[in-house]
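# Chains, contacts and geometry: an overview
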Amino acid sequence: NAGVTQTPKFRILKIGQSMTLQCTQDMNHNYMYWYRQDPGMGLKLIYYSVGAGITDKGEVPNGYNVSRSTTEDFPLRLELAAPSQTSVYFCASSYTADTQYFGPGTRLTVL
Amino acid sequence: EDQVTQSPEALRLQEGESSSLNCSYTVSGLRGLFWYRQDPGKGPEFLFTLYSAGEEKEKERLKATLTKKESFLHITAPKPEDSATYLCAVRYTGGYQKVTFGTGTKLQVIP
């Protein structure tokens, strides 16, 4: 099993550009999550999904969108990138909404 | 306000010098407390889940304990490979995904 995979690993965007961060898991988990991690701050939940077709906002959803058309994939869309979105983004999945398995992260810089 | 606080922020130990990391929480309706290890440039890796006061879990040199207000991660005779940031997270009632992460303790074990 590959677990949770994320692409790309690194990306530099200009202000106002858009992009999609990809996340795929091969563990047949129903729950999937997107977090951002800023230096000195805890992981902050952006969006989560409890199954295909079901998504909901987390703590910091502004400026982001998600979709969940399959169990395996949970892409995160950034529209009109802003410097405040410079961060490391982690995708995670879980079977029981308890133990979460994290991907390797995407380091995004917005200039 | 629901909070998860980890201390110390950083800890430097000599190899073999045992110590403990603390995670205190002020949430209502604890559903689970989680410990993760995070290496630089990587995603968090699950270590333990604790559900009720008095519960303990062990893995190699690590032992996690839980009381009604806090959790400890005890590290016995640490080795340099135990160097990492240790994250605590709490799941509590109030919604499907009310999970709050602490900011972590950065542990460095010197040979």
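The rules behind these values
- Residues numbered from 1 in each chain as written.
- Chains lettered and ligands numbered in written order.
- Predicted model: local features only at pLDDT ≥ 70, side-chain atom pairs only at ≥ 80, totals over all residues.
- Heavy atoms only, no water.
- Helix = DSSP H or I, 4+ residues; strand = E, 2+ residues; numbered from the N terminus.
- Rg over C-alpha atoms; globule rule 2.2 N^0.38 Å.
- Buried < 20%, exposed > 50% of the residue type's maximum accessible area, 1.4 Å probe, protein only.
- Contact = heavy atoms within 4.5 Å.
- Buried area = accessible area lost by both parts, 1.4 Å probe.
- Salt bridge = Lys/Arg side-chain N within 4 Å of Asp/Glu carboxyl O.
- Pairing = 2+ DSSP bridges.
- Axes fitted to C-alpha atoms, helices over the stretch in contact; angles between N-to-C directions.
- Phe/Tyr/Trp six-rings, centres within 6.5 Å; stacked < 30°, edge-to-face > 60°.
- Disulfide = S-S within 2.5 Å.

Before going further, it helps to examine the overall build of chain B. Secondary structure summary: chain B contains zero helices and 11 strands in total. Along chain B, helices and strands appear, N-terminal first, in the series β-β-β-β-β-β-β-β-β-β-β. For 111 residues, the compact-globule estimate of 2.2 N^0.38 gives 13 Å, and the C-alpha radius of gyration of chain B, at 14 Å, lies within 12% of that figure. If you line up chain B on its principal axes, its C-alpha atoms span 45 × 30 × 20 Å. Residues counted as buried form 44% of the 111 residues belonging to chain B. Considering only contacts within chain B whose residues lie at least 6 apart along the sequence, 55% involve residues at least 24 apart.

A few words on the environment of Ser87 of chain A. Residues and elements named next belong to chain A. One can find Ser87 in strand 9 (residues 87-94). On the basis of relative accessibility, which here comes to 6%, the residue Ser87 falls in the buried class. Distance in space between the C-alpha atoms of Ser87 and Thr109 is 6.7 Å, their sequence separation being 22 residues. For Ser87, the residues in contact, after removing those within four places along its chain, are Arg36, Gln37, Asp38, Thr106, Arg107 and Leu108.

With that out of the way, let us pick up the interface of chain B and chain A. On the chain A side, the residues contacting the 18 residues of chain B number 20 residues. Summed over both sides, the interface of chain B with chain A buries roughly 1500 Å², with 56% coming from carbon and sulfur. Taken together, the connections running from chain B to chain A amount to one salt bridge. With a closest N to O distance of 2.8 Å, Arg91 of chain B and Asp98 of chain A form a salt bridge.

Time to look at the sheet that holds strand 3 (residues 19-25) of chain B. Residues and elements named next belong to chain B. Spatial ordering of the open sheet is given by 1-3-8-7-6, a layout of five strands whose pairing is antiparallel. Both outer strands of the open sheet, strand 1 (4-7) and strand 6 (56-59), are each paired with one neighbouring strand and no more. Taken pair by pair, the neighbouring strands of this sheet meet at an average axis angle of 15°, ignoring direction. With six bridges connecting them, strand 3 and strand 8 (residues 70-75) associate as antiparallel partners. Within the sheet, the bridge partner assigned to Cys23 lies in strand 8 and is Ser71.

We now examine the packing of aromatic side chains. Enumeration over the complete set of coordinates arrives at nine aromatic pairs over all chains. Ring centres of Phe102 of chain A and Tyr36 of chain B lie 5.5 Å apart, and the angle between their planes is 90°; on these two criteria the pair is classed as edge-to-face. In this pair, Phe102 of chain A is assigned in strand 10 (residues 101-102) and Tyr36 of chain B in strand 4 (residues 30-38), connecting two distinct chains. Both residues of the pair, Phe102 of chain A and Tyr36 of chain B, count as buried. An angle of 75° between the planes, with centres 6.0 Å apart, marks the rings of Tyr36 of chain B and Phe46 of chain B as edge-to-face. Placement of Tyr36 of chain B in strand 4 and of Phe46 of chain B in strand 5 (residues 45-50) is noted, with a sequence separation of 10 residues between them. By relative accessible area, which is 1% here, Tyr36 of chain B ends up buried. With a relative accessible area of 23%, Phe46 of chain B lands in the partly exposed category. Grouped by ring-pair contacts, the aromatic residues Tyr33, Tyr35, Phe90 and Phe102 of chain A together with Tyr36, Phe46 and Phe101 of chain B constitute a single cluster.

Right, let's get into the state of the cysteines. If you walk through the whole model with that rule in mind, you get two disulfides over all chains. Put simply, Cys23 of chain A and Cys91 of chain A are joined by a disulfide, and their sulfur atoms are 1.8 Å apart. The S-S bond linking Cys23 of chain A to Cys91 of chain A shows a torsion near -70°; that makes this disulfide left-handed. Residue Cys23 of chain A is located in strand 3 (residues 19-25), and its partner Cys91 of chain A is located in strand 9; the two are separated by 68 residues in the primary sequence. Note on accessibility: Cys23 of chain A and Cys91 of chain A belong to one class, buried. Note on cysteine connectivity: Cys23 of chain B is disulfide-linked to Cys88 of chain B, with sulfurs 1.9 Å apart. Between Cys23 of chain B and Cys88 of chain B, the S-S torsion sits near -60°, and that sign places the bridge as left-handed. You can see Cys23 of chain B sitting in strand 3 and its partner Cys88 of chain B sitting in strand 9 (residues 84-92), a full 65 residues away along the chain. Taken individually, Cys23 of chain B and Cys88 of chain B each receive the classification buried, so the pair is uniform in this respect.

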